[in-house]
Amino acid sequence: MTEQTQQLQTQLWNIANTLRGKMDADDFRDYILGFIFYKYLSRKMNLYADKILEPDGFTYKNIQAHPKSSEYLSAIRDEALDKLGYFLHPDELFSELARRGNAGGKNKFILDDLAKVLTNIEQSTMGSESEDDFGNLFEDLDLTSSKLGKSENQKNELIVKVLSHLEEIDFDLENTESDLLGDAYEYLIGQFASGAGKKAGEFYTPQQVSKVLAQLVTTGKEKLKSVYDPTCGSGSLLLRVAREVKEVGAFYGQEMNPTTYNLCRMNMIMHDVHYKRFDVKNEDTLTHPQHADMRFEAIVANPPFSAKWSASPLFMSDDRFSAYGKLAPKSKADFAFVQHMIYQLEDNGTMACVLPHGVLFRGAAEGHIRKYLIKEKNYLDAVIGLPANIFYGTSILTCILVLKKKREHTKDVLFIDASQQFEKVKTQNILRDEDIEKIISTYRNRTTEDKFSYVAPLSEIAENDYNLNIPRYVDTFEEEEPVDLAAVSKELKALEKEIKETDATIADYCNQLGIDTPF
């Protein structure tokens, strides 16, 4: 991480912490991230328009003084909608609102203008190709909420402060090689997740786990046609995959929570993923899959652990589940997500997903599905046990399943026990770089290492009745050193002698004091 990146992250987090006052971090997250996004869109718009106007010798901010400003603005609007996906009038730029809100060093009322600008950004895309990607993007930025202040003036004061502080920060968007702001945005999402308790799991997968999943699905590949996350949260997993290869053709995701869905679209745009290259939908993946006709080269996911789902018998006629003969139980949708992802996986693709340990050994319908995946389809490539307590808000034991439709190693399954590979930081366990490297190199080289990994023949898994509990395959038992009975006996005798001497001393003192001994 560069010094500049670290500085920006610290600045943004300090603003968030200073200004939120008594507001829950979870609530303030939506405001601060939303305003950073608004500033990003403004700066992009400004830079883009300035570049168009450069040959004519004036800038976007002074375009309105030009006699043909209407013609220019109309042309810029058309080009911006195609290239950027949205349009912002010079009066609507972030810098302009921040200036108006703080004119003459006094707070001016800008809430109404700001609400109008945010609506205009969304409406500018209506009827264009980017409409779905920008629609309702700012709906969580409720400027009328009493959480911002009791009176309109208090709300306005807080918003002006946020805008003014953000305006002082240089996002360095002129540098097209830098992803400074994208990284800082991701950092803020992570910071808010660490304080969000159980809610964090809804929108964020810790970066180290994301890195493991991303490196697993990109093994042996430099480019990916597509990557998909059926429970994409803030999109961090999808973006992490892009860092592991030279190119990703398109990003696909689905997210049930509307706020998190908005966060994901913002995160994509902030990382300079063009709106034509991502397709994220807001729906329940199991009941209303939005990409059912598509197949993906890489799939990554961290679905909600053991979530409830309807498990309606109607799903038995759904192509995603019907071949298995049984549905995942109503109380635990883990295997329903696995079945969904396998259905969406390309024949040459790889999927890696985080699941609770229970999927490795639970019986009944889950045992049946597990057996079908291994015995009938032979899709399971590796099982990786993760350390406890690496997810925010839960200490549940988790594992990663890696599945492929066309495996290179058709006669065995690799087991890795990485449960002891971590560093404890405050109350959380984290995977260090060396832990990630060890997991990935073991997966890629498919090696057996005492007390860490084991390549199990399919016959052995069948003998274990398709129970995948990792200790059955990777023996991590540490034998205790033999007890030296003679030495223990000697120590006991010495102790006995010491007790007698102490008793004698106490008895002598009691004698001198003329009192009874306590024994």
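Small disclaimer: the values here were computed from a predicted structure and weren't measured. (Residues numbered from 1 in each chain as written. Predicted model: local features only at pLDDT ≥ 70, side-chain atom pairs only at ≥ 80, totals over all residues. Heavy atoms only, no water.)

Examining the pattern of salt bridges
Counted under the stated rule, the structure contains 22 salt bridges. D318 is the partner of R320 in a salt bridge, and the nearest nitrogen-oxygen pair spans 2.8 Å. No difference in accessibility class separates R320 from D318, as the two residues are buried. The partner of D435 in a salt bridge is R432, with the nearest N and O atoms 2.8 Å apart. Residue classification places R432 among the partly exposed positions, given a relative accessible area of 26%. Among the charged side chains, a network of salt bridges with common partners joins E96, R99, R100 and D113. (Salt bridge = Lys/Arg side-chain N within 4 Å of Asp/Glu carboxyl O. Buried < 20%, exposed > 50% of the residue type's maximum accessible area, 1.4 Å probe, protein only.)

Re the state of the cysteines
One pass over the full model with this rule turns up zero disulfides. Note on C353: no disulfide assigned, nearest cysteine sulfur contributed by C399 at a separation of 8.0 Å. The class for C353 is buried, based on a relative accessible area of 0%. (Disulfide = S-S within 2.5 Å.)

Quick word on the UniProt feature "coiled-coil region" (unreviewed entry) in the protein
As recorded in UniProt, the feature "coiled-coil region" (unreviewed entry) lies at residues 485-512. From the first C-alpha to the last, residues 485-512 spans 41 Å; its make-up is 100% helix and 0% strand. (UniProt positions renumbered as here; feature names shortened; annotations may be inferred. Helix = DSSP H or I, 4+ residues; strand = E, 2+ residues; numbered from the N terminus.)

Quick word on the pairing of strand β7 (residues 398-404)
Most of β7 is tucked away, with seven of its seven residues classed as buried. Covered by surrounding structure in β7 are T398, I400, V402 and K404 together with C399, L401 and L403, the residues of both alternating faces. Here strand β5 (residues 345-356) pairs with β7 via seven bridges, running antiparallel. Bridge pairing in β7 places A352 opposite V402. Looking at chain direction, strand β6 (residues 380-385) and β7 are connected through five bridges and run antiparallel. Residue pairing for β7: L380 is matched across the bridge by L403. (Pairing = 2+ DSSP bridges.)

Regarding the nonpolar core
Where a protein is soluble and globular, its nonpolar side chains tend to be buried together. In terms of nonpolar packing, the biggest core is built from 109 residues, with F35, Y38 and M45 touching the most fellow members. The greatest single-element share of this core, amounting to 14 residues, is contributed by helix α2 (residues 25-53). Contacts of F35, omitting those with residues within four sequence positions, involve F94, L114, L141, L143, I159, V162, L163 and L166. Formed by 46 residues, the second largest nonpolar core is a distinct cluster that contains F335, L345, V359 and L373. (Core = buried A, V, L, I, M, F, W, Y, C linked by side-chain atoms within 4.5 Å. Contact = heavy atoms within 4.5 Å.)

A few points about the packing of α2 against helix α5 (residues 111-124)
For any two helices packed against each other, the geometry comes down to the angle between their axes and how far apart the axes lie. Packing of α2 against α5 leaves a shortest axis separation of 12 Å and a crossing angle of 65°. For the pair α2 and α5, the crossing hand works out as left-handed. For the pair formed by α2 and α5, the contact residues are F35, Y38 and L41 on the first element and L114, V117, L118 and I121 on the second. (Axes fitted to C-alpha atoms, helices over the stretch in contact; angles between N-to-C directions. Left-handed = near helix turned anticlockwise from the far one by under 90°.)

Some thoughts on the pairing of strand β8 (residues 412-417)
Most of β8 is tucked away: six of the six residues are buried. Side chains D412, L414 and I416 project from β8 onto one buried face, and the interleaved V413, F415 and D417 project onto a second face that is buried too. Relative to β8, β6 runs parallel, the two sharing four bridges. Residue G385 lies in a different strand from β8, and its bridge partner there is D417. Across five bridges, the pairing between β8 and strand β11 (residues 453-457) is antiparallel. The residue of β11 that forms the bridge with I416 is S453.

A short note on the packing of α2 against helix α3 (residues 69-83)
Interhelical geometry of α2 versus α3 gives an angle of 125° and a closest axis separation of 11 Å. With respect to α3, the axis of α2 lies oblique. Handedness of the α2/α3 crossing: right-handed. Between α2 and α3, the contacting residues are M45, Y48, A49, I52 and L53 on the first element and Y72, I76, E79, A80 and K83 on the second. Of the residues assigned to the contact of α2 with α3, the class counts are eight nonpolar, no polar and two charged. (Parallel < 35°, antiparallel > 145°, perpendicular 65-115°, else oblique. Nonpolar A, V, L, I, M, F, W, Y, C, P; charged D, E, K, R; others polar.)

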